[in-house]
Amino acid sequence: MKKEATQEYEQDLVGDGINSIQKVIDPHKTEAAHATKYVLISVCAFFLFVMLVLPLIVVVINALRDGWAAYTEAVFDEYTVKALQLTLLATVSAVAVNTVFGVFASYLLSKFYFRGRQLLSALIDIPFSISPVIAGLIFILTFGNVGWMGDFLKAHNIKIVFAVPGIILATIFVTFPFVFRELLPVLNAQGKDEEEAAALMGAKGFTIFCRITFPHIKWALLYGIVLCTARAMGEFGAVSVLSGHLRGKTNTLPLHVEILYNEFNTTAAFAVSSILVILAILILIARNLIEWKRK
Amino acid sequence: MEQQIVKVKNKRGVKVIPGFGFSMGVTLFLLSVIVLIPLASIFLSTARLDFREFWEIVTSRQIVSGYIVSLSCSFIAALVNVVFGLMLAWVIVRYEFPGRRLMDGLIELPFALPTAVAGISLTYLYSDQGWIGSFFAKAGIKIAYTRIGITIAMVFVGIPFVVRSLQPVLEKLDRQYEEAALMLGAGRTYTFFRVILPELFPALLAGFGLAFARGIGEYGSVVFIAGNIPYKTQIAPLLIMTKLEQYKYADATACALVLLLISFALMLLINSIQLHMQKFSKC
């Protein structure tokens, strides 16, 4: 390699100067580099195909294994539709709460300097590092029969655990930092000169946010919402702890998949999964479109 | 930057931009209701146990084996992800080829695909009758319902973390140093290991930590392929689940607390690495 480079350099000294130096410098133009490039690309393509694409193909093929009629029957089954409704409800709630939180928290942490900023930021990230099962457990320990709020809730006939509110809470919890995490770097990079100028010229808080801050963050916000949606609709562990698995009542789509699978109703499980696969692919496309728009 | 902020604050003593109180209120309220108060419950519940009880639960054979399975499998999975993640990030950032954008877009699939779906699909693929599992079954290697299967599921969920933490660093990496090394006569392998890799190391470590942490806590995609054979393929999150279904709340809470502390320690480590990285890139 060393010899090769020197030789090339010497040869090109005789020929056309500028091009040749570039030729020597660019390490991606040598034959060995070409070989490495194609080997690496092939290995990566193979890895992605086996690890990521093949599972998707499995879902599609198994969903359609017993024919189209069986597929539509599983997809339009009463319980599937109810599960889909609950998944949508939980996802929309999670996105709504986390968008509000994300906007306020990122505004707070990027535009103001105060003690404990780092701590606050670290606290917001907690749901990222917690196992979904533990996320479910903490709500049982708070609102369940054994929880310290259990007696109070029972007295007022409010059911959170093993009911819809628990599922919604758990979904909000696991997706809590998503919008915030997308917004914070954008707001930090933007700085706060513009807001300060506007404030000194007499603009009110709401006007400043709508006219100055929002245009900077709109794509990041959309991106965060897409990520939040992806995670919320697929959440399994936390919701599983809190659901109590009541068909038609506290079953989300991923939980419905589990029940069907455990009943050895594999075709139906994959058919229901295919709805989630389609949603996942739509989310990926949306994500890439937004990324492309942002650039 | 930091200095400037302090100066402005000292000089004026007031904040110019409105909305501090309101933002603070909304942030703290939601954070407390959704994260902090529920999370405090786990510490409150554990405090009801005395230390001996806690220690007995946490060191019982079943729970210790659960930790060992979770930690060892996710450690190996994170290592696998570091190798392939580095390759993927390199290929996506440095090479131009048809399908590059598709490859880039696919990376996030494990993130978008619900874990339960990934779980049943991987189980189907790697079981003895499955497309991939049957190959290995002929060679006498069982994948589904063993620790190998668990590791594969954890590799699946961890890929995006390594690639996404490496990509921005690789994109910003100044090629001058590589060029200098090559001009000075270093081989390409030598340049990679001595010039490029040290620059990537903090990001690689952060990606490793994130994938590792995700693997330890992962439930949905692992639970189907694990098969839940006691002392062999029972992961820690599954043990918590089982204990809850048996209404053994004390056991579940104690087991969860240890897992929680492990994740917190890991996150602390990752954060300090990232902080170090930021300082490093400033000079």
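Residues numbered from 1 in each chain as written. Chains lettered and ligands numbered in written order. Predicted model: local features only at pLDDT ≥ 70, side-chain atom pairs only at ≥ 80, totals over all residues. Heavy atoms only, no water.

(A) Seen up close, the overall build of chain A. Within chain A, the regular secondary structure consists of 16 helices and zero strands. Taking the contacts inside chain A whose residues are at least 6 apart along the sequence as the reference set, 70% of them involve residues at least 24 apart. Summed over its atoms, the accessible surface of chain A is roughly 13,800 Å², and 65% of this surface lies on carbon and sulfur atoms. (Helix = DSSP H or I, 4+ residues; strand = E, 2+ residues; numbered from the N terminus. Contact = heavy atoms within 4.5 Å. Areas by Shrake-Rupley, 256 points an atom, 1.4 Å probe, with all protein chains shown as cover.)

(B) Main features of helix α3 (residues 51–58) of chain B. Residues and elements named next belong to chain B. Looking only at α3, the buried set comprises Phe54, Ile57 and Val58. Seen along its axis, α3 keeps its buried residues to an arc of 90 degrees; they face one direction. Those residues of α3 that are exposed and aimed more than 90 degrees away from the buried face are Arg52 and Glu56. The N-cap residue of α3 is Asp50: its side-chain oxygen and the backbone nitrogen of Arg52 are 3.1 Å apart. (Buried < 20%, exposed > 50% of the residue type's maximum accessible area, 1.4 Å probe, protein only. Arc of directions from axis to C-beta. Polar contact = N/O pair within 3.5 Å; in protein donor to acceptor, adjacent residues only side chain to side chain.)

(C) Highlighting a nonpolar patch on the surface. On the surface, A:Ile278, A:Ile281, A:Leu282, A:Ile285, A:Leu289 and A:Trp292 cluster together to form a nonpolar patch covering roughly 620 Å² of accessible area. Here A:Trp292 lies in helix α16 (residues 266–294). (Patch = residues over 30% accessible without salt bridge, like charges linked within 9 Å, V, L, I, M, F, W, Y side chains within 5 Å. Salt bridge = Lys/Arg side-chain N within 4 Å of Asp/Glu carboxyl O.)

(D) Unusual backbone geometry, seen in detail. Residue and element names in this part refer to chain A. Positive phi, close to 55 degrees, is recorded for Asn157, a residue that is not glycine. Relative to the assigned elements, Asn157 resides in the loop between α9 (150–155) and α10 (164–174). Of the residues examined, Asn157 reaches a relative accessible area of 73% and is grouped as exposed.

(E) Geometry of the interface of chain A and chain B. On the side of chain B, 93 residues touch chain A, which itself brings 98 residues to the contact. Interface area lost by chain A to chain B is led by A:Phe47, A:Leu52 and A:Tyr113, which between them contribute 8%. Where A:Arg287 meets B:Glu108, a salt bridge forms, and the shortest distance between an N and an O atom there is 2.4 Å. Across the chain A-chain B interface, the total number found is nine residue pairs in polar contact (both at pLDDT 80 or more). Examining the composition of the side of chain A that touches chain B, we find that 23 residues originate from one element, helix α3 (residues 31–63) of chain A, more than from any other. (Buried area = accessible area lost by both parts, 1.4 Å probe.)

(F) View of the side chain of A:Thr87. Residues and elements named next belong to chain A. Locating Thr87 in the fold gives a position in helix α5 (residues 78–111). A relative accessible area of 4% means that Thr87 is categorised as buried. The residues touching Thr87, leaving out its near neighbours within four places in the chain, are Met233, Thr252, Leu253 and Pro254.

(G) Structural detail: the pattern of salt bridges. Evaluation of the coordinates by the stated rule reveals 14 salt bridges over all chains. Here A:Glu291 makes a salt bridge to A:Arg287, at a shortest N to O gap of 3.7 Å. Of this pair, A:Glu291 and A:Arg287 both sit in helix α16, four residues apart, which is roughly one turn of that helix. For A:Arg287, a relative accessible area of 3% translates into the label buried. One salt bridge connects B:Asp251 with B:Lys243, and the closest N-O pair in it is separated by 3.9 Å. Taken individually, B:Asp251 and B:Lys243 each receive the classification buried, so the pair is uniform in this respect. Three or more residues joined by partner-sharing salt bridges are found here, namely A:Arg287, A:Glu291, B:Asp104, B:Glu108 and B:Arg164.

(H) How the structure looks around the environment of A:Ser273. Looking at the element boundaries, A:Ser273 is found in helix α16. Looking at A:Ser273, the relative accessible area reads 0%, which means it is buried. For the pair A:Ser273 and A:Gly166, spaced 107 residues apart in the sequence, the C-alpha separation amounts to 23 Å. Beyond its immediate stretch of four places on either side in the chain, A:Ser273 contacts A:Val59, A:Val257, B:Val117 and B:Ile120. From its side chain, A:Ser273 meets the backbone oxygen of A:Ala269 in a polar contact 2.8 Å long.

(I) The arrangement of the side chain of B:Thr151 in detail. Residues and elements named next belong to chain B. Relative to the elements of secondary structure, Thr151 occurs in helix α9 (residues 147–172). Taking the relative accessible area as the measure of exposure, Thr151 reaches 12% and is therefore buried. Among residues more than four places away in sequence, those in contact with Thr151 are Cys73, Ile76 and Ala77.

(J) Just the packing of α5(A) against helix α6 (residues 117–124) of chain A, in detail. Residue and element names in this part refer to chain A. Put simply, α5 and α6 touch, their axes get as near as 11 Å, and they point 155 degrees apart. One finds that α5 runs roughly antiparallel with respect to α6. For the pair α5 and α6, the sense of crossing is left-handed. On α6, the residues touching Phe101, Ala105, Leu108 and Leu109 of α5 are Arg117, Leu120, Ser121 and Ile124. Taken together, the residues that form the contact of α5 with α6 break down as six nonpolar, one polar and one charged. (Axes fitted to C-alpha atoms, helices over the stretch in contact; angles between N-to-C directions. Parallel < 35°, antiparallel > 145°, perpendicular 65-115°, else oblique. Left-handed = near helix turned anticlockwise from the far one by under 90°. Nonpolar A, V, L, I, M, F, W, Y, C, P; charged D, E, K, R; others polar.)

(K) Just the packing of aromatic side chains, in detail. For the structure on display, the rule yields 26 aromatic pairs over all chains. Relative to A:Phe173, the ring of A:Phe139 lies with its centre 5.8 Å away and its plane at 90 degrees, an arrangement referred to as edge-to-face. Remark: A:Phe173 occurs in helix α10 and A:Phe139 occurs in helix α8 (residues 132–143); sequence separation between them is 34 residues. With a relative accessible area of 0%, A:Phe173 lands in the buried category. A centroid spacing of 6.3 Å and a plane angle of 50 degrees characterise the contact between A:Phe209 and A:Phe214, whose relative ring orientation is tilted. Grouping aromatic residues by their ring pairs yields a cluster made of A:Tyr107, A:Phe112, A:Phe114, A:Phe209, A:Phe214 and B:Phe20. Residue placement shows B:Arg61 over the ring face of B:Tyr231; its charged tip is 3.8 Å from the ring centre. (Phe/Tyr/Trp six-rings, centres within 6.5 Å; stacked < 30°, edge-to-face > 60°. Lys NZ or Arg CZ within 6 Å of the ring centre and 35° of its normal.)

(L) Looking closely at the nonpolar core. Of all hydrophobic cores here, the largest spans 193 residues; its most connected members are A:Met51, A:Ile134, A:Phe173, B:Ile42, B:Leu88, B:Tyr126 and B:Ile240. Among the elements that take part in this core, helix α4 (residues 61–94) of chain B stands out by supplying 14 residues, more than any other. Contact partners of B:Tyr126, with chain neighbours within four places excluded, come to A:Val50, A:Met51, B:Ile132, B:Gly133, B:Ile143, B:Ala144, B:Ile152 and B:Ile225. (Core = buried A, V, L, I, M, F, W, Y, C linked by side-chain atoms within 4.5 Å.)

(M) Region of interest: the environment of B:Lys142. Residues and elements named next belong to chain B. Mapped onto the elements of the fold, Lys142 is located in the loop between α8 (133–138) and α9. Taking the relative accessible area as the measure of exposure, Lys142 reaches 42% and is therefore partly exposed. Apart from the residues lying within four places of it in its own chain, the contact partners of Lys142 are Asp128 and Ile148. Here Asp128 takes part through its side chain, which lies 3.2 Å from a polar atom of the side chain of Lys142.

(N) How the structure looks around the packing of α3(A) against helix α7 (residues 115–126) of chain B. Here α3(A) crosses α7(B) at 90 degrees, and the two axes come no closer than 9 Å. Here α7(B) runs roughly perpendicular to α3(A), going by the angle between their axes. Counted together, A:Val50, A:Met51, A:Leu54, A:Pro55, A:Leu56, A:Val58, A:Val59 and A:Asn62 of α3(A) and B:Val117, B:Ser121, B:Leu122, B:Tyr124, B:Leu125 and B:Tyr126 of α7(B) form the full contact between these two elements. The class makeup of the residues in the contact of α3(A) with α7(B) is 12 nonpolar, two polar and no charged.

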